[in-house]
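Structural characterization, general
Letter by letter, the chains look like this.
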Amino acid sequence: MIKRLFDLFFSILGLIVLSPILLMIAIWVKWDSEGPVFFRQERVGQFGKTFYIHKFRTMIVNAEKYGMQITVSNDSRITRSGFILRRYKLDELPQLIDVFLGRMSFVGPRPEVPKYVNYYPSSLKEIVLSVKPGITDLASIEFYDENKLLGQSSDPEKTYKEKILPIKLQYCVDYVNKKNLWHDVLIILKTLKVISR
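Since this is a predicted model, take the numbers as computed values, not measurements.

Thresholds applied
- Positions within a chain are numbered from 1, following the residues in the order the chain's sequence is written.
- Local features are withheld for residues below a pLDDT of 70 in this predicted model, meaning they are given only at 70 or higher, and side-chain atom pairs are given and counted only at 80 or more; totals for whole chains, interfaces and linings count all residues.
- Here the side-chain values reflect all heavy atoms present in the structure, with hydrogen atoms and water set aside.
- For the purposes of this entry, the term helix denotes a DSSP run of H or I that reaches at least four residues, the term strand denotes a run of E that reaches at least two, and both are numbered from the N terminus.
- Between N or O atoms, a polar contact is any pair within 3.5 Å; within protein, one atom must be a potential hydrogen donor and the other a potential acceptor, and residues adjacent in sequence are included only when both atoms are from side chains.
- Any two residues whose heavy atoms approach within 4.5 Å at even a single point are treated as in contact.
- Within this analysis, patches are made of residues with over 30% relative accessible area and no salt bridge. Like charges are joined at 9 Å or less; nonpolar side chains (Val, Leu, Ile, Met, Phe, Trp, Tyr) at 5 Å or less.
- To measure how exposed things are, a 1.4 Å probe is used in the Shrake-Rupley method; for residues, cover is taken only from the protein chains shown.
- When a carboxyl oxygen of Asp or Glu is within 4 Å of a side-chain nitrogen of Lys or Arg, the pair counts as a salt bridge.
- We call a residue buried when its accessible area falls under 20% of the maximum for its residue type, exposed when it is over 50%, and partly exposed in between, using a 1.4 Å probe and counting protein chains only.

Here we take up the side chain of Asp32. You can see Asp32 is positioned in helix H2 (residues 19-32). One polar contact links the side chain of Asp32 to the main-chain amide nitrogen of Ser81, over a distance of 3.0 Å. Residues contacting Asp32, with those up to four places away along its chain left out, are Thr79, Arg80 and Ser81.

Given below as structure tokens:
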């Protein structure tokens with residue numbers, strides 16, 4: 001209950017305070033390339049319930065028709081504005097809407113697309129999906145340059161499934177076992193530190 005009140009209060013505050021920036025980014029995305037301002041993609045949330053996540057669009061329209069559901073550095077599908085938005089994680093700001101709606105939390109396991117959730121070991125899947133997904137978590141901090149790592153692989157999808165995903169899942173399980181509001185605040189502060197460096 002306290003976590004939900006925290007999420008609700010700061011998501012409303014964030015949407016209000018950041019509204020001028022959100023508007024400017026929306027105009028930039030629209031001006032930079034054809035297509036909608038937001039990118040909405042099906043993700044798996046708490047208890048396996050799917051929802052559509054909100055992000056600023058950083059790639060060409062229907063990008064998934066021309067490649068994988070994961071993104072690598074220097075991906076030809078990324079727009080000019082998209083490179084900047086991704087570098088500073090500004091494309092993630094619309095997820096404040098998902099937090100406000102109660103589909104996500106500020107901190108929690110990052111929500112995956114159904115395709116990759118199918119690779120979760122059954123022993124871990126129930127644990128990871130027992131909490132709301134978050135905008136950030138320790139795995140996001142650890143793999144801040146994930147796109148760059150994948151870009152160095154000859155088979156990015158295989159690298160993601162076999163090397164990165166298992167580590168992320170362990171971080172998620174650790175989070176579920178330790179979760180409390182103070183822990184969330186520390187993760188948020190660590191995230192801001194990483195983004196600002």
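This part takes up the side chain of His183. Turning to its location among the elements, His183 is positioned in helix H10 (residues 181-196). Apart from residues lying up to four places away in sequence, His183 is in contact with Leu138, Tyr175 and Lys178.

Moving on, we come to a nonpolar patch on the surface. On the surface, a nonpolar cluster with roughly 730 Å² of combined accessible area is contributed by Phe9, Phe10, Ile12, Leu13, Ile16, Val17, Phe100 and Leu101. Examining the composition of the nonpolar patch, we find that six residues originate from one element, helix H1 (residues 2-17), more than from any other. Position of Ile16 relative to the elements: it lies in helix H1. Overall, Ile16 belongs to the exposed group, its relative accessible area being 57%.

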